[in-house]
Amino acid sequence: MREEVILLSDDGAPIGAADKAEVHTGDTPLHLAFSCWLFNEDGQLLLTRRALGKKTWPGVWTNSFCGHPGPGEDVPTAILRRSVEELRLPEGAVLDVTPVLPEFRYRAVDSSGIVEYEVCPVYSACLAPGHEALDPNPDEVDSWHWADPADVVRAADATPFAFSPWLVEELADPRLRAAMERAGR
């Protein structure tokens, strides 16, 4: 099945679509994505380790899940869709999808030379009780762990090379750290 991403102009306006499988190269055009930080009822954060078969940053630890809205799909809807596809959560298990860094944008180059260049709004969400035992899609997630948000901040500060570049950049923003503190209470 072909999955399309939304291409963007430098000012963030949609200018078309492209096949996701073909867009991530050494010269990736700016496109729309999202990043979601999922918290359980105990305030723990879901960290995931990207599958080893991923095209970019295979095997690195990152936020709960990421993805790309398709043409005509808003970001909150894409988040709910990807929670089912990537984490295999049942519909309705992800609640309170809230923008935290709506204008986040980054460009990073993987050691293979592939570029990620995205306007990537960051959201937080809550997991409905009773869904903490996951069975994520192995094509997307190699491993997962529920972690104390303060431990994640300390680990990313101490060893940024062990995490995705977008996680490290997102954590540099005090608004995300404040959202993590609120969730951890």
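Residues numbered from 1 in each chain as written. Predicted model: local features only at pLDDT ≥ 70, side-chain atom pairs only at ≥ 80, totals over all residues. Heavy atoms only, no water.

If you check an unreviewed UniProt entry, the protein appears there as Isopentenyl-diphosphate Delta-isomerase from Corynebacterium lipophilum. Quoted verbatim from the Catalytic activity (unreviewed entry) field of the UniProt record, the comment on the protein reads "isopentenyl diphosphate = dimethylallyl diphosphate". We quote the UniProt Pathway (unreviewed entry) comment for the protein here in full: "Isoprenoid biosynthesis; dimethylallyl diphosphate biosynthesis; dimethylallyl diphosphate from isopentenyl diphosphate: step 1/1." (UniProt positions renumbered as here; feature names shortened; annotations may be inferred.)

A. Local environment of the overall build of the protein. When helices and strands are counted, the protein shows five helices and 12 strands. Computed over the C-alpha atoms, the radius of gyration of the protein is 15 Å, within 12% of the 16 Å expected from 2.2 N^0.38 for a compact globule of 185 residues. Dimensions of the protein, computed from the C-alpha atoms along their principal axes, are close to 40 × 35 × 30 Å. The burial tally for the protein puts 50% of its 185 residues in the buried class. Across the protein, every contact between residues at least 6 apart in sequence was considered, and the portion connecting residues at least 24 apart equals 66%. About 8,700 Å² of surface is accessible on the protein, with carbon and sulfur atoms providing 53% of the total. (Helix = DSSP H or I, 4+ residues; strand = E, 2+ residues; numbered from the N terminus. Rg over C-alpha atoms; globule rule 2.2 N^0.38 Å. Buried < 20%, exposed > 50% of the residue type's maximum accessible area, 1.4 Å probe, protein only. Contact = heavy atoms within 4.5 Å. Areas by Shrake-Rupley, 256 points an atom, 1.4 Å probe, with all protein chains shown as cover.)

B. Quick peek at the pattern of salt bridges. For the structure shown, the criterion picks out 15 salt bridges. Where R2 meets E4, a salt bridge forms, and the shortest distance between an N and an O atom there is 3.2 Å. In this structure, D19 and R2 form a salt bridge, with 3.7 Å as the shortest nitrogen-oxygen distance. You can see D19 sitting in strand β2 (residues 14-19) and its partner R2 sitting in the segment before β1 (4-8), a full 17 residues away along the chain. Given a relative accessible area of 54%, R2 falls into the exposed group. One salt-bridge network, in which partners are shared between bridges, spans K54, E73, R81, R82, E85, E86 and E140. (Salt bridge = Lys/Arg side-chain N within 4 Å of Asp/Glu carboxyl O.)

C. The arrangement of the nonpolar core in detail. Of all hydrophobic cores here, the largest spans 26 residues; its most connected members are W37, L171, L176 and M180. Listed by contribution, the elements that provide at least two residues to this core are β4 (34-39), β5 (45-50), β8 (94-101), β9 (105-109), α3 (149-158), α4 (165-171) and α5 (174-184). The residues touching M180, leaving out its near neighbours within four places in the chain, are W37, F39, L45, P149, V152, V153 and L171. With 23 residues, the next largest nonpolar core counts L8, V75, Y123 and A125 among its residues. (Core = buried A, V, L, I, M, F, W, Y, C linked by side-chain atoms within 4.5 Å.)

D. Quick peek at the confidence of the model for the protein. Averaged over all residues, the pLDDT of the protein is 94; the fraction at 70 or higher stands at 99%. Per-element averaging of pLDDT across the protein places α5 at the bottom with 83 and strand β3 (residues 31-32) at the top with 98. (pLDDT = per-residue confidence, 0-100.)

E. Fine view of helix α2 (residues 75-85). Looking at α2, one finds that the buried residues are V75, A78, I79, R82 and S83. One side of α2 holds all its buried residues, which, seen down the axis, span an arc of 140°. In this fold, the buried residues of α2 make contact with β3, β4, β7 (65-67), β8 and β11 (122-127). (Arc of directions from axis to C-beta.)

F. Fine view of the layout of surface pockets. Each pocket or cavity is described by its volume, and for the largest pocket that value is around 550 Å³. In terms of lining, the largest pocket is formed by 30 residues, of which the most central are K20, R50, K54, H68 and E140. Those elements that place two or more of their residues in the lining of the largest pocket are α1 (20-23), β5, β7, α2 and β10 (115-119). Element by element, the count of residues in the lining of the largest pocket is highest for β7, at three residues. Here the residues of the lining of the largest pocket are counted per class, giving nine nonpolar, eight polar and 13 charged. A volume near 180 Å³ is recorded for the second largest pocket. When contributions to the lining of the second largest pocket are tallied by element, the ones reaching two or more residues are β8, β11 and α5. Among the elements that make up the lining of the second largest pocket, the one with the highest residue count is β11 (four residues). (1 Å grid on protein atoms, 1.4 Å probe; cavity = no way out; pocket = protein on both sides within 12 Å on 5 of 7 lines; lining within 4 Å. Points joined across faces, edges and corners; volume = space filled by probe spheres on them. Nonpolar A, V, L, I, M, F, W, Y, C, P; charged D, E, K, R; others polar.)

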